[in-house]
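# Summary of the model geometry
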Amino acid sequence: MKHARPAPAAPRPTVSVCRDCCCGTYKVPGVDHAAQLAGLKSALAEVATVRRTDCLDACERANVIVVQPSPEGRRAGGRPVWLGLVNDPDAADDIADWVRAGGPGLADPPGILELYEFTPTRRMRQELGN
């Protein structure tokens, strides 16, 4: 008897949450880092892949989160959005709301996220695979 292969996961945005030398550590006090990551995973479980990543080499902007578009979002012109200093629970909620609405290329981010957005170096982008 053949076993059916599980259906491939639907193409979805990816949210990379830096957790290494500075991001997600005591070096950024006053933030429940575990709760931030768990909250994003829970809030986005149905619509995005949320993954923990090692250092993204933007330590001066800890905590760093990168929102990568889905294939559909990329076709619509979306590109990865790098967000730094994401140390407020409301910012993580805004990110989750935006990704649930479609993320880069498919939905405009809440205006407040402009305060967190930054342009990474070419090396940083290459390390994340962009």
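No experiment lies behind these values; they were computed from the predicted model shown.

We now examine the pairing of strand β3 (residues 65-68). By the alternation rule, side chains of β3 split into I65 and V67 and V66 and Q68, which are all buried. Across four bridges, strand β1 (residues 14-18) lies against β3 in antiparallel orientation. Following the sheet pairing, S16 is matched in β3 by V66. The pairing of β3 with strand β4 (residues 81-83) spans three bridges and is classified as antiparallel. Following the sheet pairing, V67 is matched in β4 by V81.

Turning our eyes to something else, we now look at the packing of helix α1 (residues 33-44) against helix α3 (residues 89-100). Between α1 and α3, the least distance of the axes is 10 Å, while the angle of their chain directions is 20°. Judged by the inter-axis angle, α1 sits roughly parallel to α3. When the axes of α1 and α3 are compared, the crossing they make is right-handed. Residues Q36, L40, A43 and L44 of α1 pack against A92, I95, A96, V99 and R100 of α3. The class makeup of the residues in the contact of α1 with α3 is seven nonpolar, one polar and one charged.

Cut-offs and rules
Residues numbered from 1 in each chain as written. Predicted model: local features only at pLDDT ≥ 70, side-chain atom pairs only at ≥ 80, totals over all residues. Heavy atoms only, no water. Buried < 20%, exposed > 50% of the residue type's maximum accessible area, 1.4 Å probe, protein only. Helix = DSSP H or I, 4+ residues; strand = E, 2+ residues; numbered from the N terminus. Pairing = 2+ DSSP bridges. Axes fitted to C-alpha atoms, helices over the stretch in contact; angles between N-to-C directions. Parallel < 35°, antiparallel > 145°, perpendicular 65-115°, else oblique. Left-handed = near helix turned anticlockwise from the far one by under 90°. Contact = heavy atoms within 4.5 Å. Nonpolar A, V, L, I, M, F, W, Y, C, P; charged D, E, K, R; others polar.

From the geometry alone we can't say anything about function, so treat these as descriptive.
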